[in-house]
Amino acid sequence: MIGPDVWELCRELIPAGSVFAFLAEHRAVLFPAEMFADMYPSANGRPSMPPQVLAAAVVLQSLHGLSDFETVQELRCDLRWKAACGLGLHDTAFDPSLLSYFRRRLARSARPHRIFDAVRKVVRATGVLKGKQRRALDSTVLDDAVATQDTITQLVSAIRAVIRAVPGASDVAARQCTAHDYSSPGKPRIAWNDEEARAALADALVGDALRLLGHLPNQDLGEKAANAVGLLALVAGQDVEPADGSNGQDGRWRISRGTASERVVSTVDPDSRHVHKTRSHYQDGFKAHLAMEPETGLVTAVELTPGAGPAHHEAVIGLGLLADEDGPLDVLGDTAYCTTEARAALTAAGHRLFLKPAPLRPVVPGGFTVDDFAIDTTGNTVVCPRGRTAELRPPSGMRHQRKAVFTAEQCVGCELRNRCTKARADRIVTIRPHHDLMADARRQAATDSGWQDTYRRWRPPVERAVAWLVHRGNRRLRYRGTIQNNTWLHHRAAALNLRRLINLGLTRTNHTWHLGMATG
């Protein structure tokens, strides 16, 4: 510490009840030195800056949405920041790169989310969540920190990365790659307004990529080289398809008409994805998933994932967000969480579900849906709205769906046919697995006033938590990759939880955390 202690000298200038004042007084208890001991195992000296100081700086940085440079400027010039982080009056703080170094150590450690866990321990110690058994789930799209690349740019960048990272790749490229001089910067020089020239270039670049991959020497690759090879293989196949008249084996390619599922949008950040929140609106980036207690506004769990893919679906991640909870809960969520698999798993765990079912789409606009048929999955029968019966067949196919076929003879002369089907022949009713579970959910959401009141009262607060999360420009991420951004998300949630606890009257007396006011 250089100069007088700011907290002791200027305590009356630091806003009481602020995060700054709280960290100034309780920083050492919240982030004790031993909490970071495993991050600095070397016996040769100690960190240039105590990790508890960096932890406090990261919390404030995440709370206010600042860059590393802006954070250090605040630490140099703002008395509140100096007091919160334990710096002296004349301290010039540290180089901004030290924050990157600290976050990188955190992300690579065995407990990358220890700052979030430290705040969560305070939440548990206060007992603020005791008896509060509601958890609301939601997700939001966060914009990535890189520019979206077109197919040509991705191919050129990925080939260059392999040439740089893989031993012997430069010699292979010199012999096999002829579409472009990959040692020169920028895009290939062609007439970009000529559709035929663009198609020929795409074909040639894909050929270069495949020949480069096919002629690389057999050798053990390090992590960087292996990632470069894998990315090139992915990029060379995600946006192209065999050219017209090609059988897929003659080496002729064109850019495909459409967007591949889970498409990589940039070789700079291969984890970023196209994200569709609606049918017409999409963004490029990641998804932030969160679970929160709606009465107190405290976030109980968060996770950041790539923006697309079945493994990153809201219903899948939502199960993980509730994994550490004790006892049955009232789980609230929108239609994204109301999948058959999620409902089955949550019901088996003893939770009460307030998950909004997706509306059924009738075959004929304004006509009948599957819920208008009397379906007996035990007796294997389906009765149509006209009262005619068909047998429910056993599960079949990859999705294990069951079907009931109403023949054309059964439907002849039916006055309800124009509301039932557009088919000229048989009317087929398809039943998905867990049909009874989903049918009960739709019926409850439509008719149970108690269910509706609970959903309308306790589901909206999670939208406010999402608004807090992305406030101050935090919709756009500052880092690349899932790991770094997931670490940031946990820091952001920890800072918001700490601020919320302070607003609820968080104090520490006799070595015990407690709230000084009611939390209703």
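What you see is a predicted model; the values in this text were computed from it and never measured.

A. Region of interest: the overall build of the chain. If you tally the helices and strands in the chain, you get 18 helices and 15 strands. The C-alpha extent of the chain, read off along each of the three principal axes, is 95 × 70 × 40 Å. For the chain, the exposed surface amounts to about 26200 Å²; the carbon and sulfur share of it is 51%.

B. Representation of the sheet that holds strand β10 (residues 381-383) within the structure. If you walk across this open sheet you meet the three strands as β9-β10-β11, and the pairing is antiparallel. Each end of this open sheet is capped by a strand with a single partner; those strands are β9 (374-376) and β11 (389-391). Within this sheet the neighbouring strands show an average axis-to-axis angle of 15°, counted without direction. Pairing geometry for β9 and β10, over three bridges, is antiparallel. Counterpart to D376 in the pairing with β10 is T381.

C. Expanded view of the pattern of salt bridges. The final tally for this structure, using the stated rule, is 18 salt bridges. Two residues, D117 and R120, come together in a salt bridge whose shortest N-O distance is 2.9 Å. One end of the pair is D117 and the other is R120, both in helix α7 (residues 114-126) and three residues apart, which spans about a single turn. Put simply, R263 and D239 hold a salt bridge, and the shortest N to O gap is 2.8 Å. A residue pair is termed long-range when its members are at least 10 positions apart, and R263 in the loop between β3 (253-255) and β4 (273-276) and D239 in the loop between α11 (223-238) and β2 (240-242) qualify at 24 residues. Since its relative accessible area comes to 8%, R263 is described here as buried. Salt bridges linked by common partners bring D138, D334, R459 and E463 together as one network.

D. Representation of the packing of helix α15 (residues 435-447) against helix α16 (residues 449-458) in the model. With their axes 6 Å apart at the nearest point, α15 and α16 run at an angle of 80° to one another. When the axes of α15 and α16 are compared, the pair comes out roughly perpendicular. Contacts between α15 and α16 involve Q444, A445, A446 and T447 on the former and, on the latter, S449, W451 and Q452.

E. Inspection of the nonpolar core at higher detail. Core analysis: the largest hydrophobic core is formed by 84 residues, its most contacted members being L23, F31, F94, F102, I115, L498 and L501. Ignoring anything within four residues of it in the chain, the contact list for I115 reads F31, M35, A55, V58, V59, F102, L106, H491 and A494. Among the nonpolar cores identified, the runner-up in size contains 29 residues, and V162, A202, L212 and V264 belong to it.

F. Representation of the side chain of R402 within the structure. Within the secondary structure, R402 sits in strand β12 (residues 402-406). Despite its burial, R402 pairs with no opposite charge; the closest candidate is E391, at 7.5 Å N-O. Here T377 takes part through its backbone oxygen, which lies 3.2 Å from a polar atom of the side chain of R402. Of note is the side chain of R402, whose polar atom sits 2.9 Å from the backbone oxygen of R393.

G. Quick look at helix α3 (residues 51-64). The terminal C-alpha atoms of α3 lie 20 Å apart, and with 14 residues this matches the ideal 20 Å at 1.5 Å per residue to within 8%. With twelve of 14 residues buried, α3 is to be regarded as a mostly interior element. All of the buried residues in α3 are P51, V53, L54, A55, A56, A57, V58, V59, L60, Q61, S62 and L63. Summarising the contacts, the buried residues of α3 are in contact with α2 (19-30), α4 (68-77), α5 (79-85), α6 (97-108), α7 and α18 (482-503). Directly beyond the C-terminal end of α3, a positive phi value near 65° is found at G65.

H. Fine view of helix α9 (residues 169-176). Taken together, the buried positions of α9 are A169, V172, A173 and Q176. With its buried residues spanning 100° around the axis, α9 presents them on a single face. Structural note: α9 exposes A174 and R175 on the side pointing more than 90 degrees away from its buried face.

I. Representation of unusual backbone geometry. Positive phi outside glycine occurs at N380, with the angle close to 60°. Topologically, N380 is positioned in the loop between β9 and β10. A positive phi is found at H434, a non-glycine position, where the angle reads about 60°. Along the chain, H434 turns up in the loop between β13 (427-431) and α15. With relative accessibility at 43%, the residue H434 sits in the partly exposed group.

J. Highlighting the side chain of R427. With respect to the secondary-structure elements, R427 resides in strand β13. Of the side chains bearing the opposite charge, D372 lies closest to the buried R427, which forms no salt bridge; the N-O distance is 7.9 Å. Those residues in contact with R427 that sit more than four places away from it in its chain are V363, F373, A404, V405, F406, C411, C420 and T421.

K. Just the packing of aromatic side chains, in detail. Applying the stated criterion across every chain, the model contains six aromatic pairs. Both rings, one in F36 and one in F102, keep their centres 6.0 Å apart while their planes meet at 55°; by these two values the pair is tilted. Residue F36 is found in the loop between α2 and α3, and its partner F102 is found in helix α6; the two are separated by 66 residues along the sequence. In this structure, F36 and F102 share a single accessibility class: buried. Ring plane angle 25° and centroid distance 6.0 Å describe the contact between F354 and W451, whose orientation is recorded as stacked. Taken together, the positions of F354 in strand β8 (residues 352-355) and W451 in helix α16 put the pair 97 residues apart, joining distant regions of the chain. Using a relative accessible area of 4% as the deciding quantity, one classes F354 as buried. The class for W451 is buried, based on a relative accessible area of 7%. Here the aromatic cluster, defined as three or more aromatic residues joined through ring pairs, consists of F354, W451 and Y455. Directly above the ring of W192 sits K187, whose terminal nitrogen or CZ lies 4.9 Å from the centroid. The ring centre of W513 lies 4.9 Å from the NZ or CZ of R508, which sits over that ring.

How each quantity is defined
Residues numbered from 1 in each chain as written. Predicted model: local features only at pLDDT ≥ 70, side-chain atom pairs only at ≥ 80, totals over all residues. Heavy atoms only, no water. Helix = DSSP H or I, 4+ residues; strand = E, 2+ residues; numbered from the N terminus. Areas by Shrake-Rupley, 256 points an atom, 1.4 Å probe, with all protein chains shown as cover. Pairing = 2+ DSSP bridges. Axes fitted to C-alpha atoms, helices over the stretch in contact; angles between N-to-C directions. Salt bridge = Lys/Arg side-chain N within 4 Å of Asp/Glu carboxyl O. Buried < 20%, exposed > 50% of the residue type's maximum accessible area, 1.4 Å probe, protein only. Parallel < 35°, antiparallel > 145°, perpendicular 65-115°, else oblique. Contact = heavy atoms within 4.5 Å. Core = buried A, V, L, I, M, F, W, Y, C linked by side-chain atoms within 4.5 Å. Lys, Arg positive; Asp, Glu negative; His and termini not counted. Polar contact = N/O pair within 3.5 Å; in protein donor to acceptor, adjacent residues only side chain to side chain. Expected span 1.5 Å × (residues − 1). Arc of directions from axis to C-beta. Phe/Tyr/Trp six-rings, centres within 6.5 Å; stacked < 30°, edge-to-face > 60°. Lys NZ or Arg CZ within 6 Å of the ring centre and 35° of its normal.

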